[in-house]
Each structure stands twice: as structure tokens, then as C-alpha cells.
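The residues making up each chain are set out below.
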Amino acid sequence: KDHFRCLGNIINVCIDLCDYDLNVQNLTPIENHKLSQLQFLSINVPEIRYGSSWVNHGEIKGIVAVIRYCLGLGFHYNDIAVLTPFRGQLSFINTALKKERFPFFSGTDPGILGQQNIITGTVHRFQGGERKIIIFSSVINNGEPGFLNSRVNLLNVAVSRAMESFIFVGSLETLSKGSFTEVLKDHLIRKGQQLTLA
């Protein structure tokens, strides 16, 4: 029951999602106060079909901007992970990071996690991983976030990988359309901070 990974506002999302009874330990507060524990970058761009998956190019541009912002605040590549529920989106995220010449590794190889790389992956593949900053791309804007609301553990894992800051990139309005994602939206609005990036 003792929880040591996440700062309070982050793990409180998971407590509300899963009705956990946790003893949240007083962890060292985030060193850089310009980055709050819960943040969101509102992107309202429609997703498009990519094979059997989905892609949202607007969110990918937002992810690149958020990474630049975090690096500008003094964080390092190995402080950051970018997660998404969709393999199609992951493929295009990796292409964008390569184009930007950001060092990254897609997966959870323990030998890579300690190196100077941004980690990218699907939520499923990042179970057991952690980073100071999790950037989460939800992808779906036009439709309903059914996949994220099919099982609570998907959203729970995504949020609880963040040690110091969870940054949501996507449509808050779409989060309102699901019972689990509505919980995340509520926390982002009440406790989070909106990012406005040039």
C-alpha cells in the first residue's frame, strides 16, 4: 500500500480511477517549478486511419513542441517518455523524433532505459517503466475514446508511469466521452495547468 513513485497529484488520478487505498509517501517535490505535476496541451485535430490503427498528426507536432519545452527547462532526454495507446501513432512519433534528431529508443529494454534517450512506446509495452516526465498522446479526437475506457488499467498504467509530471496531449472534450477518461479530465482541469506553446 505504500506508494513511492509518483508525486501526489499524479497518483491521485490513479486512486480515483481504481479506488486504490494507498499511503502516498512525501516524495521530494519537483525541482523545476515551471513544470507542474499535471499539465495538458489541448490539440483539437481529427485522427486519421492508419492500417488497423490510428494517427493524429496534430498531436505529434504538439509532442515535439512539448519535448523542446521540457529540454528548455533543463530536463534531459532520459527524463522523458512518450506513450500512446496506438501503434500507428507510435510509428509516426518515432519518425518525428528521428527527424528532429532527438535520441530515442522505442521499447523497455532495461539496458537502454538508463541511457540518454527519450523512451517511446505503447502503454502496454511500458508497464513497469517510469520516467520523470510522461507525455501521453491519446490520438482520438473525432470519435469516442473507447479503447482507453475498455479497461481501467490502460489509463492507470499511462498516468502512473510519471514520477514528477504527466503531460496530456490531445482533446479534453473527447476525454469527457468516457467514464475513465472523464476522471483524468477532471483532475487535469482541477489540478493541472494548460501549456501554451508557440
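Located above this text is the structure these notes cover.
Small disclaimer: the values here were computed from a predicted structure and weren't measured.

Cut-offs and rules
- In this numbering scheme, every chain counts its residues from 1 along its sequence in written order.
- Reporting in this predicted model follows two pLDDT cut-offs: at least 70 for local features of residues, and 80 or more for side-chain atom pairs to be given and counted; totals over whole chains, interfaces and linings ignore these cut-offs and use all residues.
- For the side-chain quantities, the full set of heavy atoms in the structure was used; hydrogens and water were omitted.
- Helix numbering and strand numbering both begin at the N terminus, where a helix is a DSSP run of H or I of at least 4 residues and a strand a DSSP run of E of at least 2.
- Helix span, expected: 1.5 Å multiplied by one less than the number of residues in the helix.
- Here's how the labels work: a residue is buried when its accessible area is under 20% of the maximum for its type, exposed when over 50%, partly exposed in between, all with a 1.4 Å probe on protein chains only.
- By construction, the arc corresponds to the directions joining the helix axis to the C-beta atoms.
- Contact criterion: two residues are considered in contact whenever any of their non-hydrogen atoms come within 4.5 Å of each other.
- Salt bridge criterion: a side-chain nitrogen from Lys or Arg within 4 Å of a carboxyl oxygen from Asp or Glu.
- Pairing between strands is defined by DSSP: at least two bridges between the two strands are required.
- Seen with its strands pointing away from the viewer, a crossover is right-handed if its path from the first strand over the helix to the second goes clockwise.
- The definition of a nonpolar core used throughout is a set of buried Ala, Val, Leu, Ile, Met, Phe, Trp, Tyr and Cys residues joined through side-chain atoms within 4.5 Å.
- Orientation is described by lines fitted to C-alpha atoms, with helices fitted over the stretch in contact, and by angles between N-to-C directions that extend from 0 to 180 degrees.
- For classification purposes, angles smaller than 35 degrees are called roughly parallel, those larger than 145 roughly antiparallel, those between 65 and 115 roughly perpendicular, and all remaining angles oblique.
- In this scheme the crossing of two helices becomes right-handed for a clockwise turn of the near helix relative to the far one and left-handed for an anticlockwise turn of less than a right angle.
- Amino acids outside the nonpolar list (Ala, Val, Leu, Ile, Met, Phe, Trp, Tyr, Cys, Pro) and the charged list (Asp, Glu, Lys, Arg) are all regarded as polar, and Gly is one of them.

Peer 1: How should helix H7 (residues 179–191) be read in this particular structure?
Peer 2: Owing to its 3.6 residues per turn, the α-helix brings residues three or four apart onto one side. Taking 1.5 Å per residue as the helical rise, H7 with its 13 residues ought to reach 18 Å, and the 19 Å between its terminal C-alpha atoms agrees with that figure. Among all positions of H7, only Thr181, Leu184, His187 and Leu188 are buried. Take H7 and look down its axis: the buried residues cluster within an arc of 115 degrees, on one side only. Considering only its buried residues, H7 is in contact with helix H1 (8–18), strand S3 (38–42), helix H5 (152–160), strand S10 (162–170), helix H6 (172–175) and strand S11 (193–194).

Peer 1: Would you explain the pattern of salt bridges in this entry?
Peer 2: Oppositely charged side chains are able to pair whenever their charged atoms sit close together. Enumeration according to the criterion identifies three salt bridges in this entry. The shortest N-O distance in the salt bridge between Arg68 and Glu100 comes to 2.6 Å. Taken together, the residues Arg68 in helix H2 (residues 57–72) and Glu100 in helix H3 (residues 87–100) connect sequence positions 32 residues apart. Here Arg68 falls in the partly exposed class, since its relative accessible area comes to 44%. Under the relative-accessibility criterion, Glu100 is labelled partly exposed at 29%. The partner of Asp79 in a salt bridge is Lys132, and the shortest N-O contact between them spans 3.9 Å. You can see Asp79 sitting in the loop between H2 and strand S6 (80–84) and its partner Lys132 sitting in strand S9 (residues 131–137), a full 53 residues away along the chain. Given the relative accessible area of 28%, Lys132 is considered partly exposed.

Peer 1: Quick question: what am I supposed to make of the pairing of S9 here?
Peer 2: The side chains of a regular strand alternate, residue by residue, between the two faces of the sheet. Counting buried residues along S9, six of its seven residues qualify, which places the element largely inside the surrounding structure. Bridge count for S6 against S9 is four bridges, and the pairing is parallel. Each bridged residue has a counterpart across the sheet, and for Val82 the counterpart in S9 is Ile135. For S9 and S10, the ladder comprises six bridges, and the chain directions are parallel. From the neighbouring strand, Ile133 faces S10, where its bridge partner is Ser165. Considered for its hand, the β-α-β crossover made up of S9, H5 and S10 is right-handed.

Peer 1: Sorry if this is basic, but what is going on with the nonpolar core here?
Peer 2: Taken as a class, soluble globular proteins show a tendency for nonpolar side chains to be buried jointly. Residues Ile134, Phe136, Val159, Phe166, Phe168, Leu184 and Leu188 are the most contacted members of the largest nonpolar core, which totals 28 residues. Looking at which element gives the most residues to this core, the answer is H1, with six residues. Setting aside residues up to four positions removed in sequence, Leu188 forms contacts with Leu38, Gln39, Phe40, Phe168, Leu172, Leu175 and Gln193. Counting 24 residues, the second largest nonpolar core, distinct from the first, contains Ile43, Ile67, Phe102 and Ile135.

Peer 1: Can you walk me through the environment of Val169 in this structure?
Peer 2: Checked against the element boundaries, Val169 lands in strand S10. Those residues within four positions of Val169 in sequence are excluded, and the remaining contacts are Leu41, Ile43, Glu59, Ile63, Val66, Ile135, Phe136, Ser137 and Ser138.

Peer 1: Before we go on, may I ask you to explain the pairing of S6 in this structure?
Peer 2: In terms of burial, S6 is largely enclosed, as five of its five residues are buried. Sheet topology places S6 next to strand S8 (residues 118–122); four bridges connect them, and they run parallel. When the sheet's bridge partners are listed, Val82 is paired in S8 with Thr120.

Peer 1: How do you make sense of the packing of H5 against H7 when you look at a structure like this?
Peer 2: The geometry of a pair of packed helices is captured by two quantities: the angle between their axes and the separation between those axes. Contact geometry of H5 with H7 gives a least axis separation of 9 Å together with a crossing angle of 25 degrees. Here H5 lies roughly parallel to H7, going by the angle between them. The handedness of the crossing between H5 and H7 is right-handed. Contacts between H5 and H7 involve Val152, Leu155 and Val159 on the former and, on the latter, Phe180, Thr181 and Leu184. Among the residues forming the contact of H5 with H7, the class breakdown is five nonpolar, one polar and no charged.

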